[in-house]
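# Per-entry structural report
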Amino acid sequence: MSMAASTESQVQATAANPSTHAPPPRRPRRWPWTPYLLSAPGLALFAVLLLVPLVMTFLLSLNSFSFYGGIENVWQIGNYADIIADSYFHEVFLRTFRIAAVVTLLCALFGAPEAYILRRMKSPWRGLCLLIVLGPLLISVVSRTLGWALLFGSTGLVNQGLMGLGLIATPIEFMYTETGVIIALTHVLVPFMVLSVWASLQRLDPQVENAALSLGAGPLTVMRRVVLPQIVPGILSGSIIVFALAASAFATPAIIGGRRLKVAATLAYDEFLNTLNWPLGATVAVLLLIANVVIIVGCNRLVERRYKQVFE
Amino acid sequence: MAYLVLDQLTKRFGNWTAVDNVSLTVEKGELISLLGPSGCGKTTTLQMIAGFLDADGGRVMLDGQDLLAKKPNERGLGIVFQSYALFPHMTAAENVAFGLEMRRIARADRDRMVADALKLVGLEQYGDRHPRRMSGGQQQRVALARALVIKPSLLLLDEPLSNLDAKMREEMQIELRRIQRTVGTTMILVTHDQSEAMALSDRVVVMNKGRIQQVATPQEAYDHPANAFVANFLGRTNLLPGMVGGGAGGTVITVADSVWPVAQPMAAGPGALAVRPEKIGFVDAGGLSGTVLARVFQGTQWLFEIETAAGRLMVIRQHDGSPLPAERERVMVGWRADDMAVMPADREAA
Amino acid sequence: MNRNGPIALIFHVLFLGFLLAPILIVCAVAFTSQGYLSLPTEGLSLRWFRAIGDNPEFIRAFKDSLLLGAVSSTLAILVAVPAALAIARHQFFGREAIQALFLSPLMVPHIVLGIAFLRFFTMIGLGGTFAGLVLSHVIIILPFALRLILAASTGMDRAVENAAASLGASSWTCFRRVTLPLILPGVASGWVLAFINSFDEVTMTVFIASPETTTLPVRLFLYIQDNIDPLVAAVSAVLIFLTVAAMLVLDRVYGLERLLVGKGRD
């Protein structure tokens, strides 16, 4: 889950920082270097252990590779050209984003109503249900994905259930298919959507719904005209989180998708640890990183600008 | 004929009775306040009238119709919420227009009515602003316009002024009074602020622990509180323990070394006498004797604390140049019999 | 009147079922008495839990995970507390940039970090070492610790520190006796969240772990890649039991919602 939790917090962090962390009041300073001294250990650590490795990865992506000579220390953009030209890579990236998009849609479709239902629950139930919804975030993503592998494959419980209900006539193939990956990823990521919508619901004045009722609006109109517009920012920022995490997810597609159904992250993994073509793997990683940063920062800007007028 | 009738309205939360057999009639066009400390049941009563809470017993009749049988969105009441509950994603004009949209009023009529409503509350310039960009007072006015524009049969105001600062609150009190005179809507105001209730209402309903303590005009309730709770809650008062008994010229109450006539018939026994600080004066004879403990200058008036055999008294005298006693001076205080209220001794007093 | 209707409740039950199904099935399969994957239809058996004992690599990986989580969380806290105080307390050039840098690992996919660290550690000779794991984990969990400590120190009333100083406390005494106790709840929860993130991390760690030094999730992941049997279900079930127990304690002590939603907002 660590992978998952991380981007979620980032999105919140970028969204929240400039406005909510107002600069502390000025006061006479004895020694201007104190803050730098305090952050020095962290800065040193991050410079050596984050910036240097990332720059090195970028440089690695410019190297070339041959099966006999290994990594060759030349600078060129051949790897990028290869990926852009090769339809195999297109297919992998396209699949990655298709899966991420569908997972995002499903999370919004199920997570947002669930958050709303949770908020309307009464005290002891609400805490318990919230625990059940958020708890999976703390359970290892490997264990959770294993659960889906068991449900889909070995026990075939999902197919038995669906056929028992008469919904399908013949078993559906879930293992090693996009459908399976999408279902498992939705399960892994939907708590983030609930959390995000939950946070925006916290800011919704409960009296606002009563106000709309008193003005003659029916329950559905209240939902559509009053509640939904106010939680759209929550759904959007939840979508950014879920999309970014789904696009770079590794463990779930690796277990459910297997070696045949590749996504960007499993492709990079294979290039590194099986084919040993490090420069190509690094290129995939760099592209993934760029896509991720563009999506998170770009969408956050967009959401912030769009809703600045209304929500602060 | 009574316009709004609450008949033995009751609400329980578990073992606790929040509203206990509340009955009340309100005339058309009247502004009536439900006044009391927090937890007295006034907001719960309002929520039942509005339909956000189900009553456990009793009836609410509005203009001859059973209100409790209708859903909240079919009651046609205007409500101004304590938090204003404006729709943050809509502009002021859109907020005001919402109720009209729900009533499927044609665009042109709607725009005109919204403009009129905004003008009524003095916000004609602010129609396209979002609530978050408005001050508390402006938001308050939008909430008022939104509730009034649907021409409600009854306007409910839930602590409408509690989120405003003191100056703003005074302005809005005058504004509310003006609007009420203009549109003539029947209003029920819920408040814990006695000065607000007295400034605005035709009648006040003082509530405590889920029960009505007194229903009267503000002046009547202030001058002749029905019991110790009302006396204490409506402004500062001196509550002195005494003994009621028969005297030569009728019933009297004896407080320490002083004796006061009691106008209403009362049984003999322990009683209490309530008298406002500003109604007490310094007299030469026939009053209650005591010693000045402290005196404080407050600009337009002096505040005295007097120690007497019946307890400590608070006395307010105008700062008009007349001679006033000094600290530690022996004095005698008195008041007109009309200015006091006598009530049976109440264990719940204060 | 704000109650959920029957449709909402049905949706809610299905949603919770969806969330719980894979977790419950893992626990169920772990109790099978058969030698292959199946539901425990013929009575519960603990044979696969006993089998964990015969696979010392899982036990070792579990111990390594615990040690890695504890060491890296503690290091992260030691770095994050002064940094958080600098950011929360001081107005200085580059403050926003420094904060953004410290939070930036949240934006980098862990697969990318795994690749970057693999390359870097191989070059400087830390490849496959415990030290390498610790350093990389400090980087990815620091943002979590920092955010909670930051929230605690921004929310704190500065006047109490001034009061301590006016009473004659030195800066250090002031920090030790006043500031630290006040931000301690944030620090403690920061440590817990950092530990959980370190313990659960698999994507990045799979690149830099070696057969000798590996974590439990990576061990499980690699095992599952080869085959799925009741043994991994049993190991996962143990992991789930432990997490649920920790979760209940955490919810009692600090509040799960507060930990996950973060109280830095508003």
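All values reported here derive from a predicted model rather than from experimental measurement. (Residues numbered from 1 in each chain as written. Chains lettered and ligands numbered in written order. Predicted model: local features only at pLDDT ≥ 70, side-chain atom pairs only at ≥ 80, totals over all residues. Heavy atoms only, no water.)

### With respect to the pairing of strand β1 (residues 4–13) of chain B
All names here are of chain B. By the bridge criterion, five bridges tie β1 to strand β4 (residues 57–62) in an arrangement that is antiparallel. Residue pairing across strands places Thr10 opposite Gly57, the latter belonging to β4. Both β1 and strand β2 (residues 16–26) contribute to a ladder of seven bridges, which runs antiparallel. Counted as the bridge partner of Phe13 is Trp16 from β2. Taken together, β1 and the strand that follows it, β2, pair antiparallel across an intervening segment of two residues, in which Gly14 is found at a positive phi of about 65°. (Pairing = 2+ DSSP bridges. Helix = DSSP H or I, 4+ residues; strand = E, 2+ residues; numbered from the N terminus.)

### Details of the pairing of strand β17 (residues 301–308) of chain B
All names here are of chain B. When you tally the buried positions in β17, you get six out of eight residues, the bulk of the element. As judged from the seven bridges shared by strand β16 (residues 288–297) and β17, these two strands associate in the antiparallel manner. Bridging across to β17, Ala294 finds its partner in Glu305. Counting the residues in the hairpin turn of β16 and β17 gives three residues, including Gly299, whose phi is positive at 90°. Here β17 pairs with strand β18 (residues 311–318) via eight bridges, running antiparallel. Among the inter-strand pairings, Gln301 is bridged to a residue of β18, identified as Gln318. Count of turn residues in the β17/β18 antiparallel hairpin: two residues. (Buried < 20%, exposed > 50% of the residue type's maximum accessible area, 1.4 Å probe, protein only.)

### Description of the sheet that holds strand β8 (residues 187–191) of chain B
Residue and element names in this part refer to chain B. Spatial ordering of the open sheet is given by β6-β7-β8-β3-β9-β10, a layout of six strands whose pairing is mixed. The open sheet is flanked by β6 (78–80) and β10 (211–216), the only strands paired with a single partner. Ignoring strand direction, the axes of neighbouring strands in this sheet form an average angle of 15°. (Axes fitted to C-alpha atoms, helices over the stretch in contact; angles between N-to-C directions.)

### Observations regarding the interface of chain C and chain A
Every contact between the two is made by 97 residues of chain C and, on the other side, 108 residues of chain A. Both faces considered, chain C and chain A share a buried interface measuring about 9600 Å² in area, 74% of it formed by carbon and sulfur atoms. Run the count over chain C and chain A and you get zero salt bridges. Here the side of chain C that touches chain A takes 14 residues from helix α1 (residues 6–30) of chain C, the largest share from any one element. (Contact = heavy atoms within 4.5 Å. Buried area = accessible area lost by both parts, 1.4 Å probe. Salt bridge = Lys/Arg side-chain N within 4 Å of Asp/Glu carboxyl O.)

### A closer look at the nonpolar core
Counting residues in each nonpolar core, the largest one holds 251 residues, and the members touching the most others are A:Leu189 and C:Phe221. In this structure, B:Ile253, B:Val275, B:Trp302 and B:Met340 belong to the second largest nonpolar core, which totals 22 residues. (Core = buried A, V, L, I, M, F, W, Y, C linked by side-chain atoms within 4.5 Å.)

### A closer look at a nonpolar patch on the surface
Together, A:Val55, A:Phe58, A:Leu59 and A:Trp75 give the surface a local cluster of nonpolar side chains, amounting to about 410 Å² of exposed area. Residue position: A:Phe58 is located in helix α2 (residues 34–62). (Patch = residues over 30% accessible without salt bridge, like charges linked within 9 Å, V, L, I, M, F, W, Y side chains within 5 Å. Areas by Shrake-Rupley, 256 points an atom, 1.4 Å probe, with all protein chains shown as cover.)

### Quick notes on the packing of helix α4 (residues 87–119) of chain A against helix α8 (residues 178–202) of chain A
Residue and element names in this part refer to chain A. In contact at an axis separation of 6 Å, α4 and α8 are set at 45° when each is read in the N-to-C sense. In terms of their interaxial angle, α4 and α8 are classed as oblique. As α4 runs across α8, the sense of the crossing is right-handed. Grouping the constituent residues of the contact of α4 with α8 by class yields 20 nonpolar, three polar and five charged. (Parallel < 35°, antiparallel > 145°, perpendicular 65-115°, else oblique. Left-handed = near helix turned anticlockwise from the far one by under 90°. Nonpolar A, V, L, I, M, F, W, Y, C, P; charged D, E, K, R; others polar.)

### Some points on the packing of aromatic side chains
Counted under the stated rule, the structure contains 30 aromatic pairs over all chains. Ring centres of C:Phe62 and C:Phe199 lie 6.1 Å apart, and the angle between their planes is 85°; this geometry places the pair in the edge-to-face category. Here C:Phe62 is found in helix α3 (residues 56–89), whereas its partner C:Phe199 is found in helix α8 (residues 171–200), with 137 residues between them in sequence. The structure contains a cluster of three or more aromatic residues connected by ring pairs, namely A:Phe250, A:Tyr269, A:Phe272, A:Trp278, C:Phe207 and C:Phe221. The ring centre of A:Tyr176 lies 4.9 Å from the NZ or CZ of A:Arg260, which sits over that ring. (Phe/Tyr/Trp six-rings, centres within 6.5 Å; stacked < 30°, edge-to-face > 60°. Lys NZ or Arg CZ within 6 Å of the ring centre and 35° of its normal.)

### A closer look at the confidence of the model for chain B
With 98% of its residues at a pLDDT of 70 or more, chain B has an overall mean of 90. Two summary scores accompany this predicted model of the complex, namely pTM at 0.83 and ipTM at 0.89. (pLDDT = per-residue confidence, 0-100.)

### Observations concerning the environment of B:Thr191
Residues and elements named next belong to chain B. As for its position among the elements, Thr191 is in strand β8. For Thr191, a relative accessible area of 0% gives the class buried. Sequence-wise, Thr191 and Ser289 are 98 residues apart; in three dimensions their C-alpha atoms are separated by 38 Å. Residue contacts for Thr191: discarding those within four places in its chain leaves Leu34, Leu35, Gly36, Lys42, Glu159, Glu196 and Ala197. At 2.9 Å, the side chain of Thr191 and the backbone nitrogen of Asp193 are in polar contact. (Polar contact = N/O pair within 3.5 Å; in protein donor to acceptor, adjacent residues only side chain to side chain.)

### Let's talk about the pattern of salt bridges
Residues and elements named next belong to chain B. Here the structure, examined in full by the defined rule, presents 22 salt bridges over all chains. Among the salt bridges present, the one from Asp193 reaches Arg169, with a minimum N-O distance of 3.9 Å. Of this pair, Asp193 sits in the loop between β8 and α6 (194–200) while Arg169 is found in helix α5 (residues 166–183), placing the two residues 24 residues apart along the sequence. Note that Arg178 and Glu175 form a salt bridge whose closest N and O atoms lie 2.9 Å from each other.

### What about the side chain of B:Asp339?
Residues and elements named next belong to chain B. If you trace the backbone, Asp339 turns up in the loop between β19 (330–334) and β20 (340–344). Given a relative accessible area of 16%, Asp339 falls into the buried group. The residues touching Asp339, leaving out its near neighbours within four places in the chain, are Ala274, Val275 and Lys279.

### Describing the confidence of the model for chain A
Fine structural detail should not be taken from predicted coordinates in areas where pLDDT scores are low. All names here are of chain A. Overall, the prediction assigns chain A a mean pLDDT of 85, with 88% of residues at 70 or greater. For chain A, helix α1 (residues 2–20) is the element with the lowest average pLDDT, namely 40, and α4 is the one with the highest, namely 95. Low pLDDT, under 50, characterises residues 1–22; the predicted model gives this stretch 67 contacts beyond four residues in sequence or across chains.

### A short note on the sheet that holds β17(B)
All names here are of chain B. Strand order across the open sheet formed by five strands is β15-β19-β16-β17-β18, with antiparallel pairing between neighbours. Of all strands in the sheet, those with a lone pairing partner are β15 (281–282) and β18, marking the two edges. With four bridges connecting them, β16 and β19 associate as antiparallel partners. In the sheet register, Gly290 faces β19, and the bridge partner there is Val331.

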